[in-house]
Structures are given as structure tokens and as C-alpha cells.
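For reference, the chains in residue letters:
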Amino acid sequence: MFIVSIDPDECSGCNTCADGCPAHLLKFNGEKTEVAGEETDCMGCESCVTVCPTGAVSINEM
Ligand code: SF4
Ligand code: SF4
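A quick note: this is a predicted structure, and the numbers were derived from the prediction, not measured. Here the residue numbering is sequential within each chain, running from 1 through the sequence in written order. To read the labels, note that chains go from A and ligands from 1, taken in the order they are written. Local features in this predicted model are restricted to residues of pLDDT 70 or higher, and side-chain atom pairs are both shown and tallied only at a pLDDT of 80 or more, whereas totals for entire chains, interfaces and linings draw on every residue. Heavy atoms throughout the structure, all of them, feed into the side-chain values; hydrogens and water do not.

## Some points on the site of ligand 2
And then number 1: Close to ligand 2 lie 13 residues; Cys-11, Cys-14, Asn-15, Cys-17 and Cys-52 are nearest.
And then number 2: The site holding ligand 2 turns out to be the second largest cavity.
And then number 3: Residue composition of the shell around ligand 2, by class: 8 nonpolar, 5 polar and no charged. Near is defined per residue: the residue qualifies when any heavy atom it owns lies within 4 Å of the molecule or strand. Only protein atoms enter the 1 Å grid, on which a cavity is a set of points fitting a 1.4 Å probe that cannot get out and a pocket is an open set with protein on both sides within 12 Å along at least 5 of 7 lines, lining residues being those with an atom within 4 Å of a point. Here the criterion for a molecule occupying a pocket or cavity is that more than half of its atoms lie within 2 Å of the pocket grid points. Following the grouping adopted for this structure description, the nonpolar residues are Ala, Val, Leu, Ile, Met, Phe, Trp, Tyr, Cys and Pro, the charged ones are Asp, Glu, Lys and Arg, and the polar ones are all others, Gly among them.

What follows is the structure in C-alpha cells.
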């Protein structure tokens, strides 16, 4: 099981991560992008980690 989290202090709100998320878990809230679904629905593909320019996204495997 994978758990995704976004550090709001590091997120610039570019929303690039959300565009590529196959689980549609990441949503722009008007200022920043946040985990808007069940964080455990993350498939662990790490697409969001790869595209994030600020290193704000982290994936943890349980
Ligand atoms: S690792 Fe993949 S499935 Fe999980 S939040 Fe990132 S893009 Fe979505
Ligand atoms: S790619 Fe990184 S900086 Fe851009 S919205 Fe996602 S978490 Fe924030």
C-alpha cells in the first residue's frame, strides 16, 4: 500500500502532478495542490514525484 503526501510549504501550486496522476488523487484547491481523495488510493507510480519541480511530493510504502 502506498500513501502520498504533499508538503504545502513546498508546493508552488503548478498542478503538474495532478495532471499526470492515474488515480486522480491530486486536486488544485485554488492556491496549492493537495491530496483530495483517499491517500491510500495512491498506486505508487511516482509520476507526481518525478514531475514536481520543488520536491513537495512524497510517497511512502506501508
Ligand atoms: S504516485 Fe502516482 S498514483 Fe500516487 S499520487 Fe502520485 S501520480 Fe498519483
Ligand atoms: S508538482 Fe509539486 S509544486 Fe506542482 S502542484 Fe504538484 S506538489 Fe505542488
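There is more to say, and it comes next.
## A short note on the environment of Gly-20
And then number 1: Helix numbering and strand numbering both begin at the N terminus, where a helix is a DSSP run of H or I of at least 4 residues and a strand a DSSP run of E of at least 2. Here Gly-20 is to be found in the loop between helix H1 (16-19) and strand S2 (26-28).
And then number 2: Only protein chains enter the accessibility calculation, which uses a 1.4 Å probe; a residue is then buried when its area is under 20% of its type maximum, exposed when over 50%, and partly exposed in between. For Gly-20, a relative accessible area of 38% translates into the label partly exposed.
And then number 3: Considered as a pair, Gly-20 and Ser-47 are 27 residues apart in the sequence and their alpha carbons are 6.6 Å apart.

## Focus on the site of ligand 1
And then number 1: Close to ligand 1 lie Val-4, Cys-21, Pro-22, Cys-42, Met-43, Gly-44, Cys-45, Glu-46, Ser-47, Cys-48 and Ile-59, which account for all nearby residues.
And then number 2: Comparing atom positions with the cavity grids shows ligand 1 to sit within the largest cavity.
And then number 3: For the shell around ligand 1, a count of residues per class yields 8 nonpolar, 2 polar and 1 charged.

## Examining the nonpolar core
And then number 1: Buried Ala, Val, Leu, Ile, Met, Phe, Trp, Tyr and Cys residues that are joined via side-chain atoms within 4.5 Å together make up what is termed a nonpolar core. Ranked by internal contacts, the top residues of the largest apolar core, which has 14 residues, are Val-4, Ile-6, Leu-25, Leu-26, Cys-48, Val-57 and Ile-59.
And then number 2: Looking at this core, the elements that each hand over two or more residues are strand S1 (2-6), H1 and strand S4 (57-61).
And then number 3: Not counting chain neighbours up to four residues away, the residues in contact with Leu-25 comprise Val-4, Glu-34, Val-35, Ala-36, Gly-37, Glu-38, Glu-39, Asp-41 and Cys-42. It only takes one pair of heavy atoms within 4.5 Å for two residues to be counted as in contact.

## Thoughts on empty space enclosed by the protein
And then number 1: Grid points are joined across faces, edges and corners, and a volume is the space filled by probe spheres set on the points. In this structure the tally under the stated criterion is 2 cavities of 30 Å³ or more.
And then number 2: When its volume is computed, the largest cavity comes out at roughly 100 Å³.
And then number 3: Along its surface, the largest cavity is lined by 14 residues, and Cys-21, Pro-22, Cys-42, Cys-45 and Cys-48 are the ones closest to its centre.
And then number 4: Tallied by class, the residues present in the lining of the largest cavity amount to 11 nonpolar, 3 polar and no charged.
And then number 5: If you add up the space inside the second largest cavity, you get close to 70 Å³.
And then number 6: Lining the second largest cavity are 14 residues, and of these Cys-11, Cys-14, Cys-17, Cys-52 and Ala-56 sit closest to its centre.
And then number 7: Split into classes, the residues belonging to the lining of the second largest cavity amount to 8 nonpolar, 5 polar and 1 charged.

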